[in-house]
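One-letter residues, chain by chain:
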Amino acid sequence: MRSAVFWPLRLEPRARPSRPMRVLSSPLAALAMLLVGFAVLKFLGQDAVAAFRVFFVEPFTSLYGVGELLLKATPLMLCALGLAAGYRANVWNIGAEGQFTLGAIAGSGVALFLGGELGSLTFPAMLLAGVLGGMAWAAIPALLRTLFNTSEIFVSLMLVYIAQLFLSFLVHGPWRDPAGQNFPQSKALDDSVLLQPLIEGTRVNAGILVALGLALLFWWFGSATAAGFRLRVSGLSPLAARYAGFSQRGSIWLAMLLGGGMAGLAGIFEVAGPIGVLQPVISPGYGFAAIIVAFVGRLHPLGIVLASLLMSALYLGGESAQIELQLPASVTGLFQGTLLFFLLAAELFIHFRLRRVRQGDP
Amino acid sequence: MTPRLRLRGIGKRYGDLAANDDIHLEVAAGEIHAVLGENGAGKSTLMKIIYGVTQPDQGTIEWEGTEVTIASPAQARSLGIGMVFQHFALFETLTVAENIALALDEDLKPAVLAARINEVSHRYGLPIDPERLTHGMSVGERQRVEIVRCLLQSPRLLIMDEPTSVLTPQAVRALFDTLRRLSDEGLSILYISHKLDEIRELCSRATVLRGGRVTGTAAPATETNASLARLMVGGELKECTLTPREPGEVRLQIQSLSLPTDDPFGTRLVDINLSVRSGEIVGIAGVSGNGQKELLAAISGEQPGREPAAIRIDGRDAGTLGPAQRRRLGLRFVPEERLGRGTVPSLSLADNCLLTGEAAGLLRRGVVHRAAARLFARETIREFGVRCDGELSAAQSLSGGNLQKFIVGREIRLAPRVLLVAQPTWGVDVNAALGVRQSLIDLRNAGCAVLVVSEDLDELFSICDRLAVIAHGALTEALPTAQLATETIGLWMTASAPHA
Amino acid sequence: MSGIDWIAIIASAIAAATPLIFAAIGELVAERAGVLNLGVEGMMLVGAVSGFAAGYTSGSMAIAFAAGALAGMALALLFAVLTLNLQTNQVATGLALTLFGVGLSAFAGRSFVGVALTRLPPLDIPVLGTLPLVGPLLFHHDLLVYLSIGACAATAWFLKSTRAGLRLRAVGESPAVAHALGEPVNRIRYLAVLFGGAMSGIAGAYMSTSLTPMWVEGMTSGRGWIALALVVFGTWKPWRVLGGAYLFGIVTVLQLYAQGLGVQVPSEFLSMLPYVATIVVLVIICRDPKTILLNQPASLGQSFHPGR
């Protein structure tokens, strides 16, 4: 087999994918990202070691910090679990951010306007509405793909912008709190539906437990169920899936609804949790960061759990660096993008190996 | 006299496999030289080396007496070597002229190019239209385009890779006339094939490959099929025996099946009628691109129709059902594409049993039974002699022949009432091919109804009780093989074809 | 409907379409070679921030656009190395490129937020520019508007009538066959991807130096994605893409002027128009599977492995 020649080294295909590299590629990518981050900080004239401490160590030395780590990991984990199931089926839902928003809107709507009638059922109804809201938003690209062959990439992404504009409309207009001094936000959610902190002195709530539970569920779904197997085959070989009689339409719907439902749940957890109110900005890009989490987690629930924690740490580190080092907020985004690049490159080594070109090689 | 092309000690390894080992080859000017070998013998690799697509690990190539390194197809062409590929190297959405222009190394004005194309095509009896888009063309036409493309560069050596595997018997005659004319003018031809009759008719010398090495050279005209076969496979070419038997009830019934197609490159099916009975093998012959793909998809359920009664499996209406439902009625299918359709390349053999193994209890109540799948795979491997690294090895790690044995074995072990098979031994080495054909015959003897769609006429004649031909989406009547001759089949294949 | 300056509306629609044209034409070339680069939004943003920074510090528009093009090409180079040499999945890598471009541009541009820049002046085309009605409508735009049309024409001619264009189309149709014929598949794809990057960079630079001369994080607001959709809408043909871009320009600008036209719809819904229009347009084009089968480069998005 002809190999790609790259500098004095050559990439040779492996006879069989490398097992150790499957596991190591993500940690190696993270390491590479850290090294690059170190270099960048030095380049910016910062005391890189001190900066690293501010970024990666200090936030987690307190109980509150650990709580924040888990709190921020929750929406990432929830979204990424849903997205990964879809990506394995080659269904490219990149509108998790929009489905997150719709879930938050739907759930908040139930809490704010139906709270009176539903009484003690408000809380579960709110969560259900969140899931359904996200699913409904994801149903649009699913419908357009199965009926009209339209790429779900574009549709789901356009719907992100539309969702954000819709949210803006609601909180500036019909849902604005009349007693809120013209602030663009809704009435605060009633205490009875808010997620309470699990541990005294932190903000972490039951969301993390739900996310971890769902991670286990997704693991079981992917490895032990026929539906999970069908999704996987439709992603690996669509022709084989059709040969086997697995419905392609069914796979697309399942993949999109899983992604949308999880993102919607994440959305309502965020509003019913740390935010407590519906406002124009309810996410620092969790829906997009979750895409990275899904890949860094190698589309596997266990990997996603770990990758969520890593990404959450990046968010927290970024916030801490903003305050203490006056670094811009965008440095977090930069780290995230770099991490994904390194991961994609590292995946290469699962299927290829580096060899030095020997003398006399053709 | 110096040979035009001489290969000495050519070797090429792919990992552990020696695709070519110490190959010697000599072709004289104006000679039609056969490279004979079964599938997997190393013929394709050798041709890729000569045409510059890949480089040898060892050995030398001499062109007209001078040692050369052929680093790329462009360089091969500049030396005077042309190649007509087995799976034509044409671009579907470009015209004939554009396709040819790409292969030429000089930039010609469209009018000049068209004139040259017409001149060559008339001179050698290869009619083509420069302005036509390739995608609508028949296989015979495409091959003519390929040949004209090569001839426009005034080659001195023409490599033809399995040229007749896709032609009707009549088209083969026409091709041979053209090749003889060309060799009379001094063009050397390297003719790669495994078809002994053709080689004995056309070629003056033959180099025989087996397992990557040269087992001998011969003058085919003086040899018999048996002696050539001995060089090619090291023994007698075994044949399958088909003892006549009385077929039973109708298991597969296709009635007035018509199917339009969404694919602009596809073929409409027109009023197909066929019945296959228990205990018989029916074959469908035809040149590729005449509706085989569409017919197979219609029968398997991958492309369901609107008429429930158009396809009946074991007496039950199935025309609107999907593949999984048709499996439950007893229909099983071995598709043409082994990797990517019959199996998922990156999944293990055990996991690949889950694709169609519902009937064996591998998928029960929505849950996957991994242990059962592994057991099933292990037994399939054992019973059908599949050479692999165990049931957990990936499908893509198996050789073509072994993968086909696995897929055929998997489907046979799931006890079909009707078995549909496409291109059962294409690209498969001789021993595995024999095994597959014998399995089909054994299945037929056990009472299954078998339908085989193939482009290999010899194979169809050796294993089918009845034979039909598909052309332009229509099917002829299926008549007993004993009553048919290859010439008749050839005529049916080209019946009412506007361009042959 | 007095008091509405239709000339100004159409003129600004033309200007608004210009970055879409550059980005879409660039991506069209890459896709005709078989490479799907979803990172257009990221490349536009780095082009925008580089163009702004270079224009601000040097005072020269030429340098601004050169910087934009180079920045877009740098990001495209990264994409090419990953997808063509290292064989990574094109969809995932393109998404990564976008996310990275968003982050990198935000980071690099933080000191330029709120800074003012003089925009590119419109050309004063003699004679034609003074024609009534048609003059200010068609002949009073800045240089890049005309260059964008020129780029479209050049690309159409290149693809249809040159040998190099034929080779590029062949690679997009079937890289395996092209390789067997001896075409340098990766080299052609590299050039196509880099061209796409340069064009996206120019598109971004135009936005930050001329269209709305300022730098704000994420200022392209999805235009890169709309450009990608335009390639599909135009069925991979340059002139159709141009037409689609102008259509979008009108939609974009109409929403801004809708209030003035007496339309009683909340502004957020008007802002949704371009995104809704993108969805509608894609649905219309993709409905008939034949359209895609006949026009989409057959190898789009698939990695090419030379050998065996």
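One can find the structure itself at the top, above this paragraph.
Residues numbered from 1 in each chain as written. Chains lettered and ligands numbered in written order. Predicted model: local features only at pLDDT ≥ 70, side-chain atom pairs only at ≥ 80, totals over all residues.

1. So, helix H6 (residues 122–148) of chain A
What counts, and what does not: Secondary structure elements follow DSSP: runs of H or I no shorter than four residues count as helices, runs of E no shorter than two count as strands, and numbering proceeds from the N terminus. Multiplying one less than the number of residues by 1.5 Å gives the expected span of a helix.
Counted at 1.5 Å a residue, the expected span for H6(A) with its 27 residues is 39 Å, and the 38 Å between its end C-alpha atoms agrees. Directly beyond the C-terminal end of H6(A), a positive phi value near 60 degrees is found at A:Asn149.

2. As for the interface of chain C and chain A
Worth spelling out the cut-off: We call two residues in contact whenever the C-beta atoms placed from their backbones are within 7 Å. Residues are grouped as follows: nonpolar covers Ala, Val, Leu, Ile, Met, Phe, Trp, Tyr, Cys and Pro; charged covers Asp, Glu, Lys and Arg; every other residue, Gly included, is treated as polar.
Taken together, the contacts link 40 residues of chain C with 40 residues of chain A. Among the secondary structure elements, those contributing two or more residues to the side of chain C that touches chain A are helix H3 (61–85), helix H4 (90–108), helix H10 (223–233), helix H12 (267–286) and helix H13 (289–295) of chain C. In terms of residues, the side of chain C that touches chain A owes the most to one element, H4(C), which gives 12 residues. Residue classes in the side of chain C that touches chain A are distributed as 26 nonpolar, 9 polar and 5 charged.

3. A look at the sheet that holds strand S9 (residues 205–210) of chain B
Residues and elements named next belong to chain B. Note the following rule: One bridge is not enough; two strands pair if DSSP finds at least two bridges between them. Interaxial angles span 0 to 180 degrees and are taken between N-to-C directions of axes, which are lines fitted to C-alpha atoms, for helices over the stretch in contact.
Taken in spatial order, the 6 strands of this open sheet run S6-S7-S8-S3-S9-S10, and their pairing is mixed. Looking at strand neighbours, the two that pair on one side only are strand S6 (81–84) and strand S10 (213–218), the edges of this open sheet. Each neighbouring strand pair of the sheet contributes to a mean axis angle of 20 degrees, computed without reference to strand direction. With 5 bridges joining them, strand S3 (residues 32–36) and strand S8 (residues 188–193) adopt parallel strand pairing. Residue pairing in the sheet places leucine 36 in a bridge with serine 193 of S8.

4. Concerning the packing of helix H9 (residues 226–236) of chain A against helix H11 (residues 248–275) of chain A
All names here are of chain A. To keep things clear, this is the line we draw: Convention used here: angles under 35 degrees read as roughly parallel, angles over 145 as roughly antiparallel, angles from 65 to 115 as roughly perpendicular, and any remaining angle as oblique.
Packing of H9 against H11 leaves a shortest axis separation of 10 Å and a crossing angle of 105 degrees. In terms of orientation, H9 and H11 fall into the roughly perpendicular class. Within the contact between the two elements, H9 uses Ala227, Arg230, Leu231 and Ser234 and H11 uses Gln248, Ser251, Leu254 and Ala255. In terms of residue class, the contact of H9 with H11 is built from 4 nonpolar, 3 polar and 1 charged.

5. Description of the nonpolar core
To keep things clear, this is the line we draw: Think of a nonpolar core as buried Ala, Val, Leu, Ile, Met, Phe, Trp, Tyr and Cys residues, each tied to the set through C-beta atoms within 7 Å. Whether a residue is buried, exposed or partly exposed is read from the other C-beta atoms within 10 Å of its own C-beta, which are placed from the backbone; 20 or more gives buried, 12 or fewer gives exposed, and intermediate counts give partly exposed.
In terms of nonpolar packing, the biggest core is built from 378 residues, with A:Cys79 and A:Ala290 touching the most fellow members. Excluding anything up to four places from it in sequence, A:Ala290 contacts A:Leu76, A:Cys79, A:Ala80, A:Leu83 and A:Ala96.

6. Focus: unusual backbone geometry
A positive phi angle is found at B:Ala415, which is not glycine, with a value near 55 degrees. Of note, B:Ala415 is situated in the loop between helix H13 (400–413) and strand S19 (418–422). One non-glycine residue, C:Trp236, adopts positive backbone phi at about 60 degrees. Here C:Trp236 shows up in the loop between H10 and helix H11 (238–257).

7. Some points on the interface of chain B and chain A
Contacts between chain B and chain A engage 28 residues on the former and 19 residues on the latter. Within the side of chain B that touches chain A, the residues separate by chemical class into 11 nonpolar, 12 polar and 5 charged.

8. Describing the sheet that holds strand S14 (residues 311–313) of chain B
Residue and element names in this part refer to chain B. Read across the sheet, 4 strands follow the order S12-S11-S14-S15 without closing on themselves; strand pairing throughout is antiparallel. Looking at strand neighbours, the two that pair on one side only are strand S12 (269–277) and strand S15 (316–317), the edges of this open sheet. The sheet contact formed by strand S11 (residues 250–259) and S12 spans 6 bridges and is antiparallel. Note on S12: the bridge partner recorded for leucine 257 is isoleucine 272.

9. Re the pairing of strand S13 (residues 281–285) of chain B
Residue and element names in this part refer to chain B. By the criterion of burial, S13 is predominantly enclosed, with 5 of the 5 residues buried. Residues Ile281, Gly283 and Ala285 point to one face of S13 and Val282 and Ile284 to the other, with burial holding for every one of them. The pairing of S13 with strand S20 (residues 449–453) spans 4 bridges and is classified as parallel. Across the sheet, residue valine 282 finds its bridge partner in S20, namely leucine 451. Two strands pair when backbone bridges link them, and S13 and strand S21 (residues 466–471) are joined in this way by 4 bridges, in the parallel orientation. In the strand pairing of S21, glycine 283 is matched with leucine 467.

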